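Remarks on the overall topology
Here is what each chain is made of, one letter per residue.
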Amino acid sequence: MEKFYHLRSSAVPLPIEDVDTDQIIPARFLKSTTRDGFGENLFRDWRYKKDGSMEDQFVLNNPRYSGAVLLAGHNFGCGSSREHAAWAIADYGFKVVVSSFFADIFKANALNIGLLPVQITKEQLAFAFERVSDDAETIFVVDLENQVLQISETSFSAPFEISKYKKECLLKGHDDIDYLLSIEKEIAIYEQSIPAFLQ
């Protein structure tokens, strides 16, 4: 995984509540066991019409909006537990998803691949949407080390929570296996300290 410290980026607004994992990546595209290639089918049924042409009204097809931050509605990532939803968002190019609430399994799946879910209050989210609606080039500043989301040229500053372990993994660019390998010596020392009859 890439290390994550600090991000400055504009945002793509998706002010829709209760977006489930099947809307993020429809089940018919879950044919691969690797993380590559899912981005092209992110929000597939919203991005494209039945004839395969682009749905011009959908935000991802609107050239006005771009960036590595997805600004999402309340209860994002609900539904099934498929990891592919987080894979599709990351593969498309998003590094952060901001919402006022995430489904627990989606949140865990996102953190496992280095996609940072930032949870703020409903009032803060409403302000963020309003700001992006007024100015599509609004810059969001995500400071993982200090666990704060800011909006440039405003007084907006929203703290966010993240587990100590996942924060350390993101800062170091480690997935769970990388983390275990990084403490291999400590594990070996601990194993040697266990009495033989317990091994």
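None of these values were measured; they are calculated from a predicted model.

**Topic: the sheet that holds strand E6 (residues 140-143)**
Within the open sheet, the 4 strands sit side by side as E1-E6-E7-E8. Their pairing is antiparallel. Only two strands of the sheet have a single partner each, and these edge strands are strand E1 (6-9) and strand E8 (157-159). Pairs of neighbouring strands in the sheet enclose a mean axial angle of 15 degrees, with direction left out of account. One ladder, built from 4 bridges, connects E1 with E6; its direction is antiparallel. Each bridged residue has a counterpart across the sheet, and for Ser9 the counterpart in E6 is Phe140.

**Brief notes about the environment of Gly114**
Positionally, Gly114 belongs in the loop between helix H4 (104-112) and strand E5 (116-119). You can call Gly114 buried: its relative accessible area is 19%. In the structure, Gly114 is positioned 110 residues away from Phe4 in sequence and 7.7 Å away in space, judged by C-alpha atoms. In contact with Gly114, other than residues within four places in its own chain, are Met1, Lys95 and Leu170.

**Some details on the sheet that holds strand E2 (residues 11-14)**
Spatial strand order, E2-E3-E4-E5: 4 strands in an open sheet with parallel pairing. A strand with exactly one partner marks an edge of an open sheet, and here the two such strands are E2 and E5. Going across the sheet, the axis of each strand differs from the next one's by a mean of 20 degrees, ignoring polarity. Judged from the 3 bridges that link them, strand E3 (residues 69-72) and strand E4 (residues 96-99) form a sheet pairing that is parallel. By the bridge assignment, Val69 is partnered in E4 with Val96. Helix H5 (residues 122-134) contacts E2, E3 and E4 of the sheet and is inclined by roughly 120 degrees relative to E3.

**Some remarks on the environment of Phe102**
Looking at where Phe102 falls in the secondary structure, it is placed in the loop between E4 and H4. C-alpha separation for the pair Phe102 and His74, spaced 28 residues apart in sequence, amounts to 7.3 Å. With residues near it in sequence (within four places) discarded, Phe102 still touches Phe76, Val97, Lys107, Pro117, Val118 and Gln119.

**Quick look at the packing of helix H3 (residues 84-92) against H4**
Two elements in contact, H3 and H4, have axes whose closest approach is 8 Å; the angle formed by their N-to-C orientations is 50 degrees. The orientation of H3 relative to H4 falls into the category oblique. Helix-helix and strand crossings are classified by hand; for H3 and H4 the assignment is right-handed. On the side of H3, the interface is formed by Ala85, Ala86 and Ile89, while H4 contributes Phe106, Asn109 and Ala110. In terms of residue class, the contact of H3 with H4 is made up of 5 nonpolar, 1 polar and no charged.

**Here's the deal with the environment of Ala68**
Structurally, the position occupied by Ala68 is in the loop between helix H2 (44-47) and E3. For Ala68, a relative accessible area of 12% translates into the label buried. Placed 27 residues apart in sequence, Ala68 and Lys95 show a C-alpha to C-alpha distance of 5.3 Å. Look past the residues within four positions of Ala68 in its chain and what remains in contact with it is Leu7, Ser9, Ser10, Gly93, Phe94, Lys95 and Val96.

**Description of the pairing of strand E7 (residues 148-151)**
Examined bridge by bridge, E6 and E7 share 4 bridges and lie antiparallel to one another. If you follow Val142 over to E7, its bridge partner there is Leu149. Linking two consecutive strands that pair antiparallel, namely E6 and E7, is a turn of 4 residues; a positive phi of about 55 degrees is found at Gln147 within it. Judged from the 3 bridges that link them, E7 and E8 form a sheet pairing that is antiparallel. The residue bridging Leu149 from the neighbouring strand is Ala158, located in E8. The antiparallel pairing of E7 with E8 creates a hairpin that spans 5 residues between the two strands, and Glu153 there sits at a positive phi of about 65 degrees.

The rules behind the values
- For every chain, the first residue of the written sequence is number 1, and numbering continues from 1 along that sequence.
- Per-residue local features are limited, in this predicted model, to residues with pLDDT of at least 70; the limit for side-chain atom pairs, both in listing and counting, is 80 or more; totals at the level of whole chains, interfaces and linings are taken over all residues.
- Based on all heavy atoms of the structure, the side-chain values leave hydrogens and waters out of the count.
- When DSSP finds at least two bridges between two strands, those strands are taken to pair.
- Each helix is a run of H or I in the DSSP string that is no shorter than four residues. Each strand is a run of E no shorter than two, and both are numbered from the N terminus.
- In this analysis, axes come from line fits to C-alpha atoms, helices being fitted only over the stretch in contact, and the angle between any two N-to-C directions falls in the range 0 to 180 degrees.
- A 1.4 Å probe rolled over the protein chains alone gives each residue an accessible area, and that area as a share of the maximum for its type sets the label: buried under 20%, exposed over 50%, partly exposed in between.
- Contact between two residues is taken to exist if any of their heavy atoms lie within 4.5 Å; hydrogens are not considered.
- Every angle not falling under 35 degrees, over 145, or within 65 to 115 is termed oblique; those three ranges are roughly parallel, roughly antiparallel and roughly perpendicular.
- Left-handed describes a crossing whose near helix is turned anticlockwise from the far helix by less than a right angle; the clockwise case is right-handed.
- Three categories are distinguished: nonpolar for Ala, Val, Leu, Ile, Met, Phe, Trp, Tyr, Cys and Pro, charged for Asp, Glu, Lys and Arg, and polar for the others, with Gly belonging to the last.

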